[in-house]
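As a plain string of letters, each chain reads:
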2 protein chains.
Amino acid sequence: MARTLEELAELAQVSRSTVSRVLNGGSVKAETRARVLSVLESTGYRPNVAARNLASGRSGVVGVVMHEAPGVLFHDPYFSLLFRGIGDALADQAVGMMLWLGNRTKEETLSRILRSHLDGVVVTANNLSDSLVDGLLASNFPAVLIGHRRADRTASYVDVDHVAAADAMTSHLISLGRARIGHISGPRWTVAGEDRHAGWLRAMRRAGLPTQGLTEEGDYTEASGYAAASSLVGKGVDALFCANDRTAAGAMEAIRHAGRRVPDDIAVAGFDDLEFAARLDPPLTTVRQGVEDQGREAAHTLLQLLTDPAGGPRRVLLPTELVIRQSTVGGGSAS
Amino acid sequence: MARTLEELAELAQVSRSTVSRVLNGGSVKAETRARVLSVLESTGYRPNVAARNLASGRSGVVGVVMHEAPGVLFHDPYFSLLFRGIGDALADQAVGMMLWLGNRTKEETLSRILRSHLDGVVVTANNLSDSLVDGLLASNFPAVLIGHRRADRTASYVDVDHVAAADAMTSHLISLGRARIGHISGPRWTVAGEDRHAGWLRAMRRAGLPTQGLTEEGDYTEASGYAAASSLVGKGVDALFCANDRTAAGAMEAIRHAGRRVPDDIAVAGFDDLEFAARLDPPLTTVRQGVEDQGREAAHTLLQLLTDPAGGPRRVLLPTELVIRQSTVGGGSAS
DNA sequence: TTGTACGCGTTATCAT
DNA sequence: ATGATAACGCGTACAA
């Protein structure tokens, strides 16, 4: 049960430095490396995090900032999945985290973070403009954004390509022969709201289809989906692409109440592929985005950023997947 | 902008050790202390966490274990509030945390925690028996439990006195002249389910009231409240004490559907005082427990435990508060 | 009461 | 490729 590099070195008949090198990827003769690795393995050595941090000038703790109202934060599976991904990845690398959940004002949170000796932060920010993000970036604090894009190219972020995914979904609807395809967007001051709308618009224009009057702005809730759909149904849409699954659920309800059928009269598509989407009647066609993966990836990206700061900003776009179900392709549903 | 003890020492014309002493509460001459403190203040010094941890043999990171299914974990405001409290308190003390949210099996989680060089853990465990808790305690790992009581006196925990609170609420109903008071409990293998039931039973027996056939076991959901209440209404209850607010909401629904009125025919009380409780019709009488405070207190307790391990296990019972609203005392509601 | 000196376990910079 | 050795910043016996 060797506890220190020193002891390992003795067991492997090498110096501390060599052991440290094999641990951190220095250049070591293959034979020596193998010997050290076997000792490493047999002793179940775990490096002392505090010592490592001290020597390398880090704190070993990164911040996780989700500055949201408690209701939003914990009612939306999006954040919960993000949490799992981030927490899991960090725990895996034995790095601690500090949570900043909006218990205070953004200014207060920002100044605390900057003083907190954190190595870096993972920040969720769904709004196009966010003072906390601005402040963080302005101070050159190592940060990885989730669900946030910026015009400039200085920020590191992890996201999905909302525009491309929305375009793909809209194209799917078009390929089914639908022509009056409405869109219920999220708030246009959010990244997802704006970008998914842009994707819809792009696909529609490319196909030469009308877009005028076919957009309603919602707020990601079932209620807003219901209201928006009620209005759009009156405008004779034959398909609805909704900004998220919850909105789509509300829209399907409205369509049903209007005496129309899904998908026969109006096809409906969502975004997220939350668990309930597959259990709707009919099951919802939607875009699957691996939220937990986004969290995990963001943590990894931050750790890389810290390991190699010279590498410049990292921009990671995770893939999405079209999940085609009966809400667009029919399939003998009785409803 | 002094960064190290050394620099501070120079500024204050004392030695490193003296500065360290005023920081950690050693004995220092008042005059000297004042001088050091003023330097401390003016420089905005922040100790290097890594160095401190290394010197004192800690890791500076504590675990937060909420081994629950994602649905439960993030749909229940209980956990979200706990999170805020714990995270806030830890961030305040500049200590990091590592999240263990049940991404793996309990065995895997346990073994990882034990190898993770964590200083201690805060664990939520609502079940009377939990293998993760057992394993943690068996290995003498510094731990503070939340919402978990144990027969033995070796564990540290933070909780509210469910029995006393349930007794108080039941007594409130009794004082209103109600005599056939039913109880819809949580699952009896949970601490809250068992203890709140015990409190109800205690109050009823003390008052010499009947309890036979007046209990139904629910599972904290609205649906179970509805079902249980439907059954109990048939048994002629004139009051219902429910294990939590959600159950109470379901119960009120059932009572209304049965053509009875709240509170005129049947008084209803809940437990938790979640946000929606006050907005029910009629507003719900319930027991307020400061969940966020429990989280904050648990974090503090753990830090104390780590600072002074000789102090033995800490047991903290936080106060609860009876919140009397119209669901028990009437008050001119038209419904 | 105060200061000196050593140790904590790594990483990083030198020689070799 | 490998091995000494010097930091890293703090706590703390021990000495004064």
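A. Geometry of the environment of Arg325 of chain B. Residues and elements named next belong to chain B. Note that Arg325 resides in the loop between strand S12 (320–323) and helix H14 (326–329). Placed 157 residues apart in sequence, Arg325 and Ala168 show a C-alpha to C-alpha distance of 15 Å. With residues near it in sequence (within four places) discarded, Arg325 still touches Ala278, Pro282, Pro283, Leu284 and Thr285.

B. Structural context of the packing of helix H2 (residues 16–24) of chain A against helix H3 (residues 30–43) of chain A. All names here are of chain A. Running from N to C, H2 and H3 cross one another at 90 degrees; their axes reach a closest spacing of 10 Å. The angle between H2 and H3 falls in the class roughly perpendicular. On H3, the residues that touch Thr18, Val19 and Val22 of H2 are Thr32, Arg33, Val36 and Leu37. Looking at the contact of H2 with H3 residue by residue, the class counts come to 4 nonpolar, 2 polar and 1 charged.

C. Examining the sheet that holds strand S7 (residues 215–217) of chain A more closely. Residue and element names in this part refer to chain A. Pairing in this open sheet of 4 strands is parallel, and the strands run S7-S6-S8-S9 from one edge to the other. In this open sheet, the two strands that pair with only one neighbour each are S7 and strand S9 (267–269). Taken over all neighbouring pairs, the strand axes of this sheet differ in orientation by 15 degrees on average, direction set aside. Summarising the sheet, strand S6 (residues 181–185) and S7 pair through 3 bridges and their orientation is parallel. The partner of His183 across the bridge, within S7, is Thr215.

D. Structural detail: the interface of chain B and chain A. The interface is formed by 30 residues belonging to chain B together with 30 residues belonging to chain A. Elements represented by at least two residues in the side of chain B that touches chain A include exactly helix H4 (49–56), helix H5 (70–75), helix H6 (77–92) and strand S2 (96–100) of chain B. With 6 residues, the top contributor of residues to the side of chain B that touches chain A is H6 of chain B. The residue inventory of the side of chain B that touches chain A, partitioned by class, reads 16 nonpolar, 9 polar and 5 charged.

Procedures and definitions
- Residues numbered from 1 in each chain as written.
- Chains lettered and ligands numbered in written order.
- Predicted model: local features only at pLDDT ≥ 70, side-chain atom pairs only at ≥ 80, totals over all residues.
- Helix = DSSP H or I, 4+ residues; strand = E, 2+ residues; numbered from the N terminus.
- Contact = placed C-beta atoms within 7 Å.
- Axes fitted to C-alpha atoms, helices over the stretch in contact; angles between N-to-C directions.
- Parallel < 35°, antiparallel > 145°, perpendicular 65-115°, else oblique.
- Nonpolar A, V, L, I, M, F, W, Y, C, P; charged D, E, K, R; others polar.
- Pairing = 2+ DSSP bridges.

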